Amino acid sequence: MEARKIDALIAVAALAGIVGGTYGGLSSSGPFERPLDTLGIALISVSAPALAFRRSAPLPVGVITVACAVAYYACRYPGIFAAAPALTAIYTAASLGRRRLAIVLAVVMDAGVYGLIALSDSDPAPGDGFNLLGGWLVAMVVLGEVARNRRAYLHEVEQRAIEAERTREEAALRRAGEERLWIAQELHDSLTHSISVINVQVSVAMQLLDRRPERAREALAAIKESGREAMHELRATLGVLRQADQDTPQAGLARLPRLVSRAEAAGLPVRSVVVGDRRDLPGEIDRTAYRIVQEAFTNVLRHAGPASITLTTEYHPEKIVVRVVDDGRSGGSAAGHGMGLIGMRERVVALGGSLTAGPRPEGGFHVHAELPSVGRP
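## Here we look at the overall build of the protein
Across its full length, the protein carries 11 helices and 5 strands. When each of the 377 residues of the protein is scored for burial, the buried share is 40%. By sequence separation, contacts in the protein at least 24 residues apart represent 73% of the contacts at least 6 residues apart. Split by element, the accessible area of the protein, about 20,500 Å² in all, is 61% carbon and sulfur.

## Let's talk about the sheet that holds strand S2 (residues 309-315)
The strand order across the open sheet built from 5 strands is S1-S2-S3-S5-S4, with neighbouring strands paired in mixed fashion. The open sheet is flanked by strand S1 (270-275) and strand S4 (354-359), the only strands paired with a single partner. Neighbour-to-neighbour, the strand axes of this sheet turn through a mean angle of 10°, independent of strand direction. Looking at chain direction, S2 and strand S3 (residues 319-326) are connected through 7 bridges and run antiparallel. Bridging from a neighbouring strand, Tyr315 pairs with Ile320 of S3.

## Topic: helix H2 (residues 38-47)
Listed as buried for H2 are Gly40, Leu43, Ile44 and Ser47. On an axial view of H2, the arc spanned by its buried residues comes to 95°, and they lie on one face. Buried positions along H2 lie against helix H1 (2-23), helix H3 (58-74) and helix H4 (84-95). Taking the backbone nitrogen of Leu39 as reference, a side-chain oxygen 3.2 Å away marks Asp37 as the first, capping residue of H2.

## Some thoughts on the pattern of salt bridges
According to the stated counting rule, one finds 10 salt bridges in the structure shown. With its nearest N and O atoms 3.1 Å apart, the salt bridge here joins Asp7 to Arg55. Pair noted here: Asp7 is in helix H1 and Arg55 is in the loop between H2 and H3, with a separation of 48 residues, a long-range link. A relative accessible area of 36% means that Arg55 is categorised as partly exposed. Between Arg148 and Glu145 there is a salt bridge; the shortest N-O distance is 3.1 Å. Placement of both Arg148 and Glu145 in helix H6 (residues 133-208) is noted, with a separation of 3 residues, approximately one turn of the helix. Taking relative accessible area as the criterion, Arg148 reaches 25% and is therefore assigned partly exposed. In the salt-bridge network here, residues are joined through shared partners; they are Asp7, Arg54 and Arg55.

## Quick notes on the pairing of S4
Working note: regular strand, side chains alternate between the two faces of the sheet. Where S4 lies against strand S5 (residues 365-372), 6 bridges are found, and the strand directions are antiparallel. In the sheet register, Thr356 faces S5, and the bridge partner there is His368. Linking S4 back to S5 in an antiparallel pair, the connection comprises 5 residues, with Gly363 at a positive phi of about 110°.

## Describing the packing of H3 against helix H5 (residues 99-119)
Where H3 meets H5, the axes come as close as 9 Å, and the angle between the chain directions of the two elements is 10°. Comparing their axes, H5 and H3 come out roughly parallel. Contacts between H3 and H5 involve Pro58, Leu59, Gly62, Val63, Val66, Ala69, Val70, Tyr73 and Ala74 on the former and, on the latter, Leu101, Leu105, Val108, Met109, Gly112, Val113 and Leu116. Residues that form the contact of H3 with H5 fall into these classes: 14 nonpolar, 2 polar and no charged.

## Description of a nonpolar patch on the surface
A cluster of nonpolar side chains, contributed by Val138, Val142 and Val146, occupies part of the molecular surface with about 250 Å² of accessible area. Mapped onto the secondary structure, Val142 falls in helix H6. Given the relative accessible area of 46%, Val142 is considered partly exposed.

## Here's the deal with the side chain of Arg54
Residue position: Arg54 is located in the loop between H2 and H3. We classify Arg54 as buried; its relative accessible area is 9%.

What counts, and where the lines are drawn
- Residues numbered from 1 in each chain as written.
- Predicted model: local features only at pLDDT ≥ 70, side-chain atom pairs only at ≥ 80, totals over all residues.
- Heavy atoms only, no water.
- Helix = DSSP H or I, 4+ residues; strand = E, 2+ residues; numbered from the N terminus.
- Buried < 20%, exposed > 50% of the residue type's maximum accessible area, 1.4 Å probe, protein only.
- Contact = heavy atoms within 4.5 Å.
- Areas by Shrake-Rupley, 256 points an atom, 1.4 Å probe, with all protein chains shown as cover.
- Pairing = 2+ DSSP bridges.
- Axes fitted to C-alpha atoms, helices over the stretch in contact; angles between N-to-C directions.
- Arc of directions from axis to C-beta.
- Polar contact = N/O pair within 3.5 Å; in protein donor to acceptor, adjacent residues only side chain to side chain.
- Salt bridge = Lys/Arg side-chain N within 4 Å of Asp/Glu carboxyl O.
- Parallel < 35°, antiparallel > 145°, perpendicular 65-115°, else oblique.
- Nonpolar A, V, L, I, M, F, W, Y, C, P; charged D, E, K, R; others polar.
- Patch = residues over 30% accessible without salt bridge, like charges linked within 9 Å, V, L, I, M, F, W, Y side chains within 5 Å.

What follows is the structure, given as structure tokens:
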């Protein structure tokens, strides 16, 4: 509707300009001109208002304006302003991508007007407007093509901007989803382990409270330590989210001795084996390896009953291998279907590694993870 209003204003302005310029004698179309009469005004009144439909119907508008212009000059009416509607229609056809139509209209008008000049008794004077008509016709076709290409370029730029914005939104949503998954995994791994240790120690304290108070006191101290550890884990996770508390130690293989001591305090003997030379690992790999061990210990505490654990950490040039094996009696059925191992497998696969877990033929459960020793590119 906005374009239609603009075209209607152009049509009204063209009609007023042609009539006013012709009656004002602002231009000449040759030495032999007849005064503007009813027929001339009718030709102008048909061609100029037709521009109101120049975009919606370029072919009919082009035919009408060119025909009216040729007829106008065939009748020797004065002024070159009457060619303006035809020039506008040719420009519009080219700008809309109707290049062939624009060229045909320009050729027809050029042939018609210059054919009239050729049949005339006298040649146009050097100052007559018809000397420039051919150039104006070519210019309208060229300007229309330039306008069309510019509009196509701006449309392409706009589409690229929209696509870039959509891509940024999708990337932001994907990062938000990954962040939520990471938070869920971190909280599950740290809090589940701490709560499992607390539950075991509470059971021990309740059994020994009356018979051996000194052992119950040790269990309560272990509960306190587990609660403090859980608070440290939670604070570290929240600190990463807030980008604060940078001095808070992050989970990594360097904290394995504390994890082993907590498991032993909960009644799980742990044999720790290190193969190869210990070295620093990228933070994401270091944290994932630690979480694998932590989740395996948690599953033994919750499901394996009385058991002992063998923890093996192997440092290879291109990878690090973490293996946790227990000799419990019920770990195989329960641990293998928990969400913890599923989350660990997702983490390991995301880093380009692999994780296997399952019951052992001789009893107990095993977890075997292989991680690259370098971070993701």
